[in-house]
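Here are the chains, one letter per residue:
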Amino acid sequence: MKASRDRSAAFAWFGMIGVAAFIISWACAASIDSAWEFGVNTLSEFGVSGTDASLYFNYGCMATGALVALFGIGCAAYARNAGRAVGGALLVLAGAALALVGVYTMDSGDAHTFVAVTFAVLALSAMVAIAAGNWAEDKKVSAGVAIVAVCLLVTMALAFDVAKLEAYGIIIAMVWLLVESVNMVVSGGKD
């Protein structure tokens, strides 16, 4: 179902705020848990920290996941092609999985691994689908950013251990989400 009036710029803000929320939660968790090291410890280790870092990280995942899901709804609702519609739907699911990372922490065992890997696969799939949609709309810069991001993530998956892949992967995903949010604002309401 297509939305009758383009309010995509409002949904774009959910993406931007989601990035800000995750950066703030990560920064707060890192400042509280001095034992955590970038690229050495996984981000998920914040979720089981004996400090208040666990609160910042887990609630940050839940809030960011909800915001990414709302952004995905906007992507799907205001999509002008199948690539962007599928990418938006995948972002809704990825956001739900990210929110569940804050619920099922590392001490939940296989449940945590499942939601974390599901988030990563869905987010990567959304990048590919939205890149195809952007390419079809002749938005070569936005498509190019996604293509570079996907290539970097695949290369890092082959070269890095989980701690480095997770940290750098989240940074790349946040950059991509900001680019897509700006793309949605700039192209909103135009046919």
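Here goes a summary of the coordinates provided. The model shown is predicted, which means the values in this text are computed figures rather than measured ones. (Residues numbered from 1 in each chain as written. Predicted model: local features only at pLDDT ≥ 70, side-chain atom pairs only at ≥ 80, totals over all residues. Heavy atoms only, no water.)

**Brief notes about the overall build of the chain**
Part 1 of the argument: If you tally the helices and strands in the chain, you get six helices and zero strands.
Part 2 of the argument: Whereas a compact globule of 191 residues would reach a radius of gyration of roughly 16 Å, the chain reaches 16 Å, a difference of no more than 12%.
Part 3 of the argument: Expressed as lengths along the three principal axes of its C-alpha atoms, the size of the chain is roughly 50 × 30 × 25 Å.
Part 4 of the argument: Put simply, the chain has 191 residues, and 46% of those count as buried.
Part 5 of the argument: Sequence-distant contacts, at least 24 apart, represent 67% of the contacts inside the chain between residues at least 6 apart.
Part 6 of the argument: Looking at the chain as shown, the accessible area adds up to about 9300 Å², and 71% of this sits on carbon and sulfur atoms.
Part 7 of the argument: Computed over 9 positive and 13 negative side-chain charges, the separation of the two mean positions in the chain equals 20 Å. (Helix = DSSP H or I, 4+ residues; strand = E, 2+ residues; numbered from the N terminus. Rg over C-alpha atoms; globule rule 2.2 N^0.38 Å. Buried < 20%, exposed > 50% of the residue type's maximum accessible area, 1.4 Å probe, protein only. Contact = heavy atoms within 4.5 Å. Areas by Shrake-Rupley, 256 points an atom, 1.4 Å probe, with all protein chains shown as cover. Lys, Arg positive; Asp, Glu negative; His and termini not counted. Charge placed at Lys NZ, Arg CZ, Asp CG, Glu CD.)

**Quick word on unusual backbone geometry**
Part 1 of the argument: Positioned with a positive phi, Asp-138 is a non-glycine residue whose angle comes to about 65°.
Part 2 of the argument: Within the secondary structure, Asp-138 is located in the loop between α4 (110-136) and α5 (140-159).

**Remarks on the packing of aromatic side chains**
Part 1 of the argument: Tallying each qualifying case throughout the model produces eleven aromatic pairs.
Part 2 of the argument: Judged by centre distance (6.1 Å) and plane angle (70°), the ring pair of Phe-22 and Trp-26 falls under edge-to-face. Taken as a pair, Phe-22 and Trp-26 lie in helix α1 (residues 8-32) at a separation of four residues, close to a single helical turn.
Part 3 of the argument: Judged by relative accessible area, which is 4%, Phe-22 ranks as buried.
Part 4 of the argument: Residue classification places Trp-26 among the buried residues on the basis of a relative accessible area of 11%.
Part 5 of the argument: For the ring pair Trp-26 and Trp-36, a centre distance of 6.2 Å and an interplane angle of 85° mean the geometry is edge-to-face. (Phe/Tyr/Trp six-rings, centres within 6.5 Å; stacked < 30°, edge-to-face > 60°.)

**Examining the environment of Phe-38**
Part 1 of the argument: Along the chain, Phe-38 turns up in the loop between α1 and α2 (53-77).
Part 2 of the argument: C-alpha of Phe-38 to C-alpha of Ser-8: the two residues are 30 residues apart in sequence and 35 Å apart in space.
Part 3 of the argument: Those residues in contact with Phe-38, other than ones at most four positions away along the chain, are Trp-26, Ala-167, Tyr-168 and Ile-171.

**Quick word on the nonpolar core**
Part 1 of the argument: If you look at the biggest cluster of nonpolar residues, it comprises 46 residues, and the most contacted ones within it are Phe-22, Trp-26, Leu-43, Phe-46, Phe-57 and Leu-91.
Part 2 of the argument: Listing elements by their share of this core, those giving two or more residues are α1, α2, α3 (82-103), α4, α5 and α6 (162-187).
Part 3 of the argument: Here this core takes nine residues from α4, the largest share from any one element.
Part 4 of the argument: Sequence-distant contacts of Leu-43, that is, excluding residues within four places in its chain, are made with Phe-22, Trp-26, Trp-36, Phe-57, Glu-166, Ala-167 and Ile-170. (Core = buried A, V, L, I, M, F, W, Y, C linked by side-chain atoms within 4.5 Å.)

Geometry only, nothing functional implied.
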